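Inside the fold
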Amino acid sequence: MANIVTSLLPRSDVAAASVDEPADESGAGSRPALVLPDDRRWSYGQLAARAAWHRQRLEADGVTPGDRVLVQVQKSPDAVAAYLGVLAAGAVFVPLNSGYTDVEVAVFAADCAPRLLLCDPQRHRAIEAVAEPLGIATRPLGAASWSAPAPAADRRLEIEERGDDDLAAIVYTSGTTGRSKGAMVSHGNLRVNAEALVAAWAIRADDVLVHALPIFHVHGLFVALHTLLMARGQVLFLPRFEAAAVRAALPGATLLMGVPTFYTRLLAEPGFGAEECSSMRLFVSGSAPLLASTHREFTARTGHRILERYGMSETGMITSNPLDGERTPGTVGFALPGVEVRVVGDDGAAALTGEVGEVEVRGANVFGGYWAMPEKNATEFRPDGFFRTGDLGSLDGDGRLTLVGRSKDLVISGGYNIHPKEIEQVLDGVEGVAESAVIGVPHDDLGEGVVAVLVAEGEAVDRVLLQAALDESLARFKHPRRFYWLDRLPRNAMGKVQKNLLRERYRDAYRNPG
Ligand code: MLC
């Protein structure tokens, strides 16, 4: 029974909080938490002090426990402090991809009805225009400094008492089509999952993590940051993934957590190899399938066996290949301690060993349901409490899980989930488009790339019109980069578009530009 923040910022740092105190290796509050590219440091004490400053600002804005705070900001150390400030206040953190358009932000704002929307200063006017009609207050986060801790007076961080079942975050897992699905993640969910990972990966105070992921998703925020802060390690905090910057950060570091694209891009770097990885003890991959060939090539080049794990926003991390023992390429390993995994067939009965079925999960890590969607919660959870992931896989005799696909129509590109229906809806709305089908096909860099297959009503449709519609409504990572035109879409006897045929037909779309 405690606010997750007390696990991330230990009491001594909270009390000793001072932003003016330079970080060094000694003393309670002065241990470095975030190390920036120019080697400036935010100590645990400074992070706590800045979180206290944010907490006070949030309260001045009228935020009270249970209120949602919607946040769309660029990655920065101050954004981490703001996150901790929201949780310390007992409020509910709702992160949004910094690439979302105003149209997308408006949908999520309307859904979770936040007390406050925090945004980047340069986006404030646009965000205000979105939020005002909804009666939502907005505030720019302030100068998101990448060089030094933001100034604030000494402050003790007051932490609102929370129960394990109290909401800590709402993580949107769907696009903006129909009702948006916001996974309700509790303080207890976050704590038990971070504890399980700290134990499974033996994360300790002398670990140094290279952090190049965005912090608006589970991977960069709950997996990477939570585990390191909980273990009181150091985070080399990079603005984004950039192969040269990551390579420069590796010497002296011990951990990297990334999506498969991180690894394929490192391997594409001439000269990348064992030497710069000599202090590293663990490379973790997740959020998208890691090709066995990438795993093997990485081992050949560096001597390290990438540890692949599996999770999702609704459940946190579910399985992991072992730290000690066989890390088998193409599998996602064993259920983490405290997590139950089963595979069931179409009839809901347990699948046999090696048989493919839907993966279901139960445990204290599993979310409480989708925000304000009782009807969805009734179908996504089994009566015995197992959550249906929508992923297809099989368990071997030892309990090792292999994922083979998805039962839901979903594209995973560079670790981002992209929902085809959302893109189809925008394309279908363009004048002259009769219908469309959006699919994911192999992409060497991003795993999957988005392809649009369209049918015109008559004359050819203006590409400028198509692009304008996409630009207005959808974040750029969702945009199809390949467009194909057909006289009609292939459909089965039930009238359903046969996307498998389209995926086959356009499987080389990102090899032979169309
Ligand atoms: C960027 N772009 C993408 C993209 N990322 N397009 C498709 N898929 C992506 N993932 C586009 C941009 O819109 C832009 O287009 C162009 O690529 C260059 O942008 P960039 O910002 O320079 O991209 P880049 O740095 O190359 O980013 C690629 C990436 C990044 C793989 C490093 O996407 C990334 O950090 N992904 C991590 C996602 C993540 O954290 N997922 C965790 C989800 S949690 P244009 O046209 O504007 O130039 C989860 C649960 C779990 O799934 O288990 O972890």
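Residues numbered from 1 in each chain as written. Predicted model: local features only at pLDDT ≥ 70, side-chain atom pairs only at ≥ 80, totals over all residues. Heavy atoms only, no water.

1. So, the site of the ligand
The local shell around the ligand holds 23 residues, among which Ser287, Arg309, Ser413, Arg476 and Arg481 are the closest. A distance of 2.8 Å separates an oxygen atom of the ligand from a polar side-chain atom of arginine 265. With respect to the ligand, the side chain of arginine 476 contributes an N or O atom lying 2.5 Å from an oxygen atom. Protein contacts shield 76% of the accessible area of the ligand, which totals 1,000 Å² for the unbound molecule. Sorting the residues of the shell around the ligand by element identifies α8 (218-231), α10 (260-267) and β13 (307-312) as the ones contributing at least two each. Per-element accounting of the shell around the ligand gives the leading share, three residues, to β13. Taken together, the residues of the shell around the ligand break down into ten nonpolar, eight polar and five charged. Here the shell around the ligand spans two domains, and each of domain 2 (219-368 + 387-406) and domain 3 (410-505) adds at least three residues to it. (Near = heavy atom within 4 Å. Polar contact = N/O pair within 3.5 Å; in protein donor to acceptor, adjacent residues only side chain to side chain. Areas by Shrake-Rupley, 256 points an atom, 1.4 Å probe, with all protein chains shown as cover. Helix = DSSP H or I, 4+ residues; strand = E, 2+ residues; numbered from the N terminus. Nonpolar A, V, L, I, M, F, W, Y, C, P; charged D, E, K, R; others polar. Domains from an automatic or database assignment.)

2. Side note on the domain arrangement of the protein chain
Segmentation of the protein chain into domains returns domain 1 (5-23 + 41-162), domain 2 (219-368 + 387-406) and domain 3 (410-505). The gap between the C-alpha centroids of domain 2 and domain 3 is 29 Å. Contact residues are listed per partner, giving seven residues for domain 2 and nine residues for domain 3. Together, the buried faces of domain 2 and domain 3 total about 610 Å²; carbon and sulfur atoms form 44% of this surface. Connecting domain 2 to domain 3 are two salt bridges. Close ionic contact of glutamate 448 with arginine 406 constitutes a salt bridge, the shortest N to O distance being 3.2 Å. Top contributing element to the side of domain 2 that touches domain 3 by residue count: α10, with three residues. Counted by class, the side of domain 2 that touches domain 3 contains two nonpolar, three polar and two charged residues. (Contact = heavy atoms within 4.5 Å. Buried area = accessible area lost by both parts, 1.4 Å probe. Salt bridge = Lys/Arg side-chain N within 4 Å of Asp/Glu carboxyl O.)

3. Examining the sheet that holds strand β17 (residues 357-363)
Strand order in the open sheet made by the four strands is β16-β17-β18-β19, with antiparallel pairing throughout. Of all strands in the sheet, those with a lone pairing partner are β16 (339-344) and β19 (401-406), marking the two edges. On average, each strand axis in the sheet is inclined to that of its neighbour by 45°, with strand direction left out of account. As paired strands, strand β18 (residues 387-395) and β19 are joined by five bridges and run antiparallel to one another. The residue of β19 that forms the bridge with serine 394 is threonine 402. (Pairing = 2+ DSSP bridges. Axes fitted to C-alpha atoms, helices over the stretch in contact; angles between N-to-C directions.)

4. Digging into the packing of aromatic side chains
Remark: the centre distance and the inter-plane angle together describe each pair of aromatic rings, the angle taken between the planes. All chains considered together, the criterion is met by 17 aromatic pairs. Centre to centre, the rings of phenylalanine 241 and phenylalanine 262 are 4.2 Å apart; their planes meet at 25°, and the pair counts as stacked. Here phenylalanine 241 is found in the loop between β10 (234-237) and α9 (243-249), whereas its partner phenylalanine 262 is found in helix α10, with 21 residues between them in sequence. The same class applies to phenylalanine 241 as to phenylalanine 262, namely buried. Feature note: the residues Tyr100, Phe108, Tyr172, Phe216, Tyr416 and Phe477 constitute an aromatic cluster, connected by ring pairs. Taking NZ or CZ as reference, arginine 232 lies 5.0 Å from the ring centre of tyrosine 44, over its face. Positioned above the aromatic ring of phenylalanine 386, the side-chain terminus of arginine 342 is 3.7 Å from the ring centre. (Phe/Tyr/Trp six-rings, centres within 6.5 Å; stacked < 30°, edge-to-face > 60°. Buried < 20%, exposed > 50% of the residue type's maximum accessible area, 1.4 Å probe, protein only. Lys NZ or Arg CZ within 6 Å of the ring centre and 35° of its normal.)

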